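# Structural characterization, general
Each chain, letter by letter, is given below.
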Amino acid sequence: RLVYIAMSLLLFADAGPLWLLAMFRICQGASGGAYVPALRAAIADVTPPDRRTESYAQLQALEMVGLLVGPLIGGAVALWRDSGIFAVSAGGVALGLTQFFRYRESRVVAAPGSTPVVMARRWWLSRHLVACGLGLAAMGAMFSMYDVVWPQYLTARGYNSFVIGVTVSAFALPIMFLAGTAGRLGDRADRRLLVAGSFLLVAVCAATYPALRDLLPIMAIGVVEAIAIVAIEPSLFAVIAESAHPEARGRAMGMGGLFQFGGSAFGAGALGILYGISEPLPFRGGAVMCILAAIALVTLLPRRVPTAEPDPLSAAIDLESRG
C-alpha cells in the first residue's frame, strides 16, 4: 500500500516522459498484485469456514461501492486536473492503511521445534484449485469484455455516456445489496450447482444482448446477470481458502488472482477485438466460456458443504477479540 501511495503521488506530479509515467503505473499495478492475494488470505485466516463465502461476498460488495462512487469522484476531480485522480487515490489508500495497524498478523507460522508441514510439490494442480482458477479466468474475461464492449454496444443503439454510466450503476447495485444473502447461500448450498448454475445464467444473458435494442430490456437483463454473478467469485475464493493449507493460502490466492487477471487480459484483448468483426461475437464467445466453466466447475468442485466448526486460528482470534 505504501508503494501504491508513492506511485500515485508520482503520477499526480505528472512530470517526466511518457515511458516513465508508464513505469510508475506498472509499479502501481504490481503493488496491487501483491496486496490483493494477501488481503484474501488474511480474510481466510480470520474467518470460520462456514462464513468464508459471506466474507468474500462482503469484499465484493465493497468493490461495487467503489465502482459506484469512484467514477463520480474521478469525474469531479478531473474538472480540476486530470492527474488529480491519482492524488485522491493516494489519499483513499492512506486512509485505509491506518486500519491495518489495529490488527495483529493472521498468517499461520509454525511453532519453533514443530515438524514442518510438507506439501505436495505440485499442490497447485489439485482439481479444486484448478477448477476455481478456470472459473475465475472466465469471470475475469467476462468483466473485461464488458469494459471494452459495453460503451460501444450502447453507443451503437444511440445512448450517451450518461446512460452508459446509469447502466453500470444498475448492474452494481444488485451485487452490492445481495452480497450478504448470496454469501450465506454459498456457505450452506452445494457450491457446484450454485456456481455452475450462475455461470449458465450469465451465458444466457450474454447471448441475449445482441438481439436487444431498447434500454429497459437491456437493463433488466443486466440486473438478472448481476444477480447471477454475485455468488460466483466469493464461492470460488472460499473454495480456494479451504483447499489450500493455511501456510500456502497466500500462494493459492495469488494463483487465483493470476487466473482471474489472465482471463481479464484475454477478455479485453481477444473478445474485445471480436466486436470489430461482428457485434454478437464477443457476447457469444463469452457465453461459450461461461458454459465451459460451468461444466468444469460442476465436475471438479468439491461436493461437501463447509462445516460450522472454525479452524484453530479463527477460534484463537475469536477468543482474543472477546477479551
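Residues numbered from 1 in each chain as written. Predicted model: local features only at pLDDT ≥ 70, side-chain atom pairs only at ≥ 80, totals over all residues. Heavy atoms only, no water.

### Overview of the overall build of the chain
Counting its regular elements, the chain contains 12 helices and zero strands. In the chain, the order of α-helices and β-strands from amino to carboxyl end is α-α-α-α-α-α-α-α-α-α-α-α. Across the chain, the fraction of contacts at a sequence separation of at least 24, relative to all contacts at a separation of at least 6, is 83%. Entry remark: accessible area of the chain is about 16,500 Å², with carbon and sulfur atoms responsible for 70%. (Helix = DSSP H or I, 4+ residues; strand = E, 2+ residues; numbered from the N terminus. Contact = heavy atoms within 4.5 Å. Areas by Shrake-Rupley, 256 points an atom, 1.4 Å probe, with all protein chains shown as cover.)

### Section: the nonpolar core
Ranked by size, the top nonpolar core spans 63 residues in total, and within it Tyr153 and Phe199 carry the most contacts. The dominant element in this core, judged by the number of residues it contributes, is helix α5 (residues 127–155), at 14 residues. Listed in part, the five residues of the second largest apolar core include Tyr4, Ile5, Ala90 and Leu97. (Core = buried A, V, L, I, M, F, W, Y, C linked by side-chain atoms within 4.5 Å. Buried < 20%, exposed > 50% of the residue type's maximum accessible area, 1.4 Å probe, protein only.)

### Thoughts on the side chain of aspartate 187
Within the element layout of this structure, aspartate 187 appears in helix α6 (residues 161–188). Judged by its relative accessible area of 3%, aspartate 187 is buried. There is a polar contact of 2.9 Å between the side chain of aspartate 187 and the side chain of threonine 53. (Polar contact = N/O pair within 3.5 Å; in protein donor to acceptor, adjacent residues only side chain to side chain.)

### Points about α6
Owing to its 3.6 residues per turn, the α-helix brings residues three or four apart onto one side. Between its first and last C-alpha, α6 extends 40 Å over 28 residues, near the 40 Å set by a 1.5 Å rise per residue. Here α6 starts with a cap whose side-chain oxygen sits 3.2 Å from the backbone nitrogen of phenylalanine 162, and that cap is asparagine 160. (Expected span 1.5 Å × (residues − 1).)

### Thoughts on the packing of α6 against helix α8 (residues 215–229)
Two elements in contact, α6 and α8, have axes separated by 8 Å at closest approach and are oriented at 30 degrees. Compared by their axis directions, α6 and α8 come out roughly parallel. The two elements α6 and α8 meet at a crossing, and its hand is right-handed. Between α6, through Val163, Val166, Thr167, Ala170, Phe171, Pro174, Ile175 and Leu178, and α8, the contact on the second element is made entirely by Leu215, Met219, Gly222, Val223, Glu225, Ala226, Ile227 and Ile229. Within the contact of α6 with α8, the residues separate by chemical class into 13 nonpolar, two polar and one charged. (Axes fitted to C-alpha atoms, helices over the stretch in contact; angles between N-to-C directions. Parallel < 35°, antiparallel > 145°, perpendicular 65-115°, else oblique. Left-handed = near helix turned anticlockwise from the far one by under 90°. Nonpolar A, V, L, I, M, F, W, Y, C, P; charged D, E, K, R; others polar.)

### Some details on the packing of aromatic side chains
Summed over the entire model, instances satisfying the criterion amount to 11 aromatic pairs. Taken together, a centroid distance of 6.0 Å and an interplanar angle of 85 degrees make the contact between tyrosine 146 and tyrosine 209 edge-to-face. You can see tyrosine 146 sitting in helix α5 and its partner tyrosine 209 sitting in the loop between α7 (191–208) and α8, a full 63 residues away along the chain. In this structure an aromatic cluster arises from ring pairing among Tyr146, Trp150, Tyr153, Tyr209 and Phe283. Sitting over the face of the ring of tyrosine 35, arginine 1 holds its NZ or CZ atom 3.8 Å from the ring centroid. A cation over an aromatic ring shows up here: arginine 81 above the ring of phenylalanine 12, its NZ or CZ 4.4 Å from the ring centre. (Phe/Tyr/Trp six-rings, centres within 6.5 Å; stacked < 30°, edge-to-face > 60°. Lys NZ or Arg CZ within 6 Å of the ring centre and 35° of its normal.)

### A few points about the pattern of salt bridges
Enumeration according to the criterion identifies eight salt bridges in this entry. A salt bridge links glutamate 233 to arginine 40, with the shortest nitrogen-to-oxygen separation between them at 3.7 Å. Of this pair, glutamate 233 sits in helix α9 (residues 232–243) while arginine 40 sits in helix α2 (residues 18–46), and the two are 193 residues apart along the sequence. Each of the two residues, glutamate 233 as well as arginine 40, counts as buried. (Salt bridge = Lys/Arg side-chain N within 4 Å of Asp/Glu carboxyl O.)

### Brief notes about the packing of helix α1 (residues 2–13) against helix α4 (residues 84–100)
With their axes 7 Å apart at the nearest point, α1 and α4 run at an angle of 160 degrees to one another. Judged on the interaxial angle alone, α4 and α1 are roughly antiparallel. For the crossing formed where α1 meets α4, the hand is left-handed. Across the interface between the two elements, Leu2, Tyr4, Ile5, Ser8, Leu9, Leu11 and Phe12 of α1 pack against Gly84, Phe86, Ala87, Ser89, Ala90, Val93, Ala94 and Leu97 of α4. The residue makeup of the contact of α1 with α4, split by class, is 12 nonpolar, three polar and no charged.

### Describing unusual backbone geometry
The phi dihedral of aspartate 14 is positive, around 55 degrees, even though this residue is not glycine. For aspartate 14, the position within the fold is in the loop between α1 and α2.

### Looking at the environment of phenylalanine 24
By secondary structure assignment, the location of phenylalanine 24 is in helix α2. Sequence-wise, phenylalanine 24 and tyrosine 4 are 20 residues apart; in three dimensions their C-alpha atoms are separated by 9.3 Å. Apart from residues lying up to four places away in sequence, phenylalanine 24 is in contact with Met7, Leu10 and Leu11.

### Here we look at the confidence of the model for the chain
Per-chain confidence: the chain averages 84 in pLDDT, with 88% of residues scoring 70 or above. Ranking the elements of the chain by mean pLDDT puts helix α12 (residues 312–321) last, at 42, and α7 first, at 94. (pLDDT = per-residue confidence, 0-100.)

### Some details on a nonpolar patch on the surface
Among the surface-exposed residues, Leu62, Val65, Val69, Ile73 and Val88 lie close enough to one another that they form a single nonpolar patch of about 390 Å² accessible area. With four residues, the top contributor of residues to the nonpolar patch is helix α3 (residues 52–78). By the element assignment, isoleucine 73 lies in helix α3. (Patch = residues over 30% accessible without salt bridge, like charges linked within 9 Å, V, L, I, M, F, W, Y side chains within 5 Å.)

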